[in-house]
Number of protein chains: 2
Amino acid sequence: MRIGELAERAGMTTRTLRYYEARGLLPARRTTNGYRAYDEEDLRLLEQIRTLRDFGFGLEETRPFVECLRAGHPAGDSCPASLEVYRSKLAELDDCIARLHAVRQQVGADLARAELEASVAEPRCEWSTHPQETPDTTPVERTERPTP
Amino acid sequence: MRIGELAERAGMTTRTLRYYEARGLLPARRTTNGYRAYDEEDLRLLEQIRTLRDFGFGLEETRPFVECLRAGHPAGDSCPASLEVYRSKLAELDDCIARLHAVRQQVGADLARAELEASVAEPRCEWSTHPQETPDTTPVERTERPTP
DNA sequence: TCTGGCGTTGACGTCGGGGTCAAGGTCTAA
DNA sequence: TTAGACCTTGACCCCGACGTCAACGCCAGA
């Protein structure tokens, strides 16, 4: 299998696969003409990388899982190094969530206070119809990396 | 006040102040010899920026607050544009927290499963003293931007 | 007068995860 | 034979918020 086919089957670009190879994450055999040659095993490795990447793991953090698979283990998380990455990721997530919670509390409180002061400064009829300013342009920003 | 003094009083570097000026966030008067000249008002603006930045607001998100202060309002969040930034930040935080929660659940479950499988494969005495591997090198990574 | 400590601008580096050319080699079907 | 679809390497670009370095100007104290 050449790089184009693997990229398509893995749902990645050829650039990404070359990048992974340059980082030593996915070394490739070569055919006589210099083309990269991959097999089904490489597809499994890529799926492992993809799963972790979608969870917000950095590339380096996927390395233990990939090496675990290449070492012949049935799953990428069958090795101690992978478990350690899991654990540190959990700690990182908990820390991040806690900080975001604290910030959310503070920003929410600041907003409430500022809204109160604004309503005092310019008393509009709060109990009448409140036209819901700008509810249409919801900046949902489609979900990407969880920015861990 | 020149840039060095302001930077020190605001707890920032001169590079940061020049960067803010380049972004149009903190324009500076100039003395006859070309040096930047600041006053106490600029210190207030910087403190506003700093507060928001510490909460994870991007530079552009601090702009409405800074302009609100420069317009003579008592607080940076006295203007509608600032409130709108508060609101979108809240939504962003809620979204981010929810995603991190989901990821945390999944990673936690994966870790538990992998640990279980590991303990089945290599049964060590779980009920005896468990030496708490590597609890000393806590990768706390001193608190920075909440990466919103 | 010299030294050292400020100030100035401009340019480039950082970090991650690739995107986007450019210039050329290789293979296959028509 | 030739088009066009694939492959190769190398190089530069992107985001944000600055850090770092270079080369120079300005000013005060010894």
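In this numbering scheme, every chain counts its residues from 1 along its sequence in written order. Chains carry letters from A onward and ligands carry numbers from 1 onward, assigned in written order. In keeping with the predicted nature of the model, local features appear solely for residues at pLDDT of at least 70, side-chain atom pairs appear and are counted solely at 80 or more, and the whole-chain, interface and lining totals rest on all residues. Note: side-chain values were computed over all heavy atoms of the structure, leaving out hydrogens and water.

- Looking at an unreviewed UniProt entry, chain A carries the name MerR family transcriptional regulator, with the source organism given as Streptomyces gossypii.

## A word on the packing of helix 1 (residues 3-10) of chain B against helix 2 (residues 14-22) of chain B
All names here are of chain B.
Moving on, step 1. It is the contact of helix 1 with helix 2, at a shortest axis distance of 8 Å, that shows an interaxial angle of 105 degrees. The pairing of helix 1 with helix 2 is recorded here as roughly perpendicular in orientation. Contact residues: helix 1 offers Ile 3, Gly 4, Leu 6 and Ala 7, while helix 2 offers Thr 14, Leu 17 and Arg 18.
Moving on, step 2. Taken together, the residues of the contact of helix 1 with helix 2 break down into four nonpolar, two polar and one charged. All axes here are fitted lines through C-alpha atoms, helices being fitted over the stretch that makes contact, and every angle between N-to-C directions spans 0 to 180 degrees. Numbering of helices and strands runs from the N terminus; a helix is a DSSP stretch of H or I covering at least four residues, while a strand is a stretch of E covering at least two. When describing relative orientation, an angle under 35 degrees is termed roughly parallel and one over 145 degrees roughly antiparallel, while 65 to 115 degrees is termed roughly perpendicular and anything else oblique. The contact criterion used throughout is that any non-hydrogen atoms of two residues lie within 4.5 Å. Any residue outside Ala, Val, Leu, Ile, Met, Phe, Trp, Tyr, Cys, Pro, Asp, Glu, Lys and Arg is labelled polar, Gly included; the first ten of those are nonpolar and the last four are charged.

## Remarks on the protein's contact with DNA strand D
Moving on, step 1. By convention in this text, a residue qualifies as near a molecule or strand provided that one of its non-hydrogen atoms is within 4 Å of it. In the vicinity of DNA strand D, 19 residues are found, and the nearest of them are Gly 4, Arg 18 and Arg 36 of chain A together with Thr 13 and Tyr 20 of chain B.
Moving on, step 2. Near the protein, meaning within 4 Å, the atoms of DNA strand D are sugar or phosphate in a fraction of 69%, with bases accounting for the rest.
Moving on, step 3. Polar contacts here mean pairs of N or O atoms no more than 3.5 Å apart (in protein, one a potential hydrogen donor and the other a potential acceptor; neighbouring residues in sequence count only if both atoms are side-chain atoms). In the environment of DNA strand D, a phosphate oxygen lies 3.1 Å from a nitrogen or oxygen atom belonging to the side chain of Arg 30 of chain A.
Moving on, step 4. Put simply, the parts of the chain that give the surface near DNA strand D at least two residues each are helix 1 (3-10) of chain A together with helix 2 of chain B.
Moving on, step 5. Across the surface near DNA strand D, the residue classes break down as six nonpolar, six polar and seven charged.

## Some words on the packing of aromatic side chains
Moving on, step 1. Each Phe, Tyr or Trp ring (for Trp, its six-membered ring) is paired with any other whose centre lies within 6.5 Å, and the angle between the two planes then decides the class: stacked below 30 degrees, edge-to-face above 60, tilted in between. Tallied over the entire structure, the rule returns seven aromatic pairs over all chains.
Moving on, step 2. Ring centres of Phe 57 of chain A and Phe 65 of chain A lie 6.2 Å apart, and the angle between their planes is 85 degrees; on these two criteria the pair is classed as edge-to-face. Phe 65 of chain A shares its class with Phe 57 of chain A; the two are buried.
Moving on, step 3. Centroid distance Phe 65 of chain B to Tyr 86 of chain B: 5.2 Å. Interplanar angle 70 degrees. Geometry classified as edge-to-face. Of the two residues, Phe 65 of chain B is situated in helix 4 (residues 59-70) and Tyr 86 of chain B in helix 5 (residues 80-121); the sequence distance between them amounts to 21 residues.
Moving on, step 4. Relative accessibility under 20% of the residue-type maximum defines a buried residue, over 50% an exposed one, and the middle range a partly exposed one, all with a 1.4 Å probe and only protein chains included. The class for Phe 65 of chain B is buried, based on a relative accessible area of 0%.
Moving on, step 5. Through a chain of ring-to-ring contacts, the aromatic side chains of Phe 57, Phe 65 and Tyr 86 of chain A assemble into a single cluster.
Moving on, step 6. Whether a charge sits over a ring depends on NZ of Lys or CZ of Arg being within 6 Å of the ring centre and within 35 degrees of the ring normal. Stacked on the ring of Phe 57 of chain A, the Lys or Arg Lys 89 of chain A has its end atom at 5.2 Å from the ring centre.

## Regarding the confidence of the model for chain A
Moving on, step 1. For every residue, the pLDDT score states the predictor's confidence, bounded by 0 at the bottom and 100 at the top. For chain A, mean pLDDT is 85; residues scoring 70 or higher make up 82% of the total.
Moving on, step 2. The low-confidence segment residues 126-148 of chain A (pLDDT under 50) makes 25 contacts with residues lying over four places distant or belonging to another chain.

## Here's the deal with the nonpolar core
Generally speaking, nonpolar side chains in soluble globular proteins are found buried as a group.
Moving on, step 1. Residues belong to one nonpolar core when they are buried, are Ala, Val, Leu, Ile, Met, Phe, Trp, Tyr or Cys, and are joined through side-chain atoms within 4.5 Å. Counting 30 residues, the largest nonpolar core has Tyr 86, Leu 100 and Val 107 of chain A together with Tyr 86, Leu 100 and Val 107 of chain B as the members making the most contacts within it.
Moving on, step 2. Listed by contribution, the elements that provide at least two residues to this core are helix 5 (80-121) of chain A together with helix 5 of chain B.
Moving on, step 3. With 18 residues, the next largest nonpolar core counts Leu 17, Leu 26, Tyr 38 and Leu 59 of chain B among its residues.

## Brief notes about the state of the cysteines
Moving on, step 1. When two cysteine sulfur atoms lie within 2.5 Å, the pair is treated as a disulfide. Throughout the structure, instances matching the rule amount to two disulfides over all chains.
Moving on, step 2. Here Cys 68 of chain A pairs with Cys 79 of chain A through a disulfide, and the sulfurs are 2.1 Å apart. Its S-S torsion of approximately 80 degrees makes the covalent link between Cys 68 of chain A and Cys 79 of chain A right-handed. Linking Cys 68 of chain A in helix 4 (residues 59-70) with Cys 79 of chain A in the loop between helix 4 and helix 5, this pair joins segments that are 11 residues apart in sequence. Just as Cys 68 of chain A is buried, Cys 79 of chain A falls in that class too.
Moving on, step 3. The structure places no disulfide on Cys 96 of chain A, whose sulfur is separated from the nearest cysteine sulfur, that of Cys 96 of chain B, by 5.9 Å.

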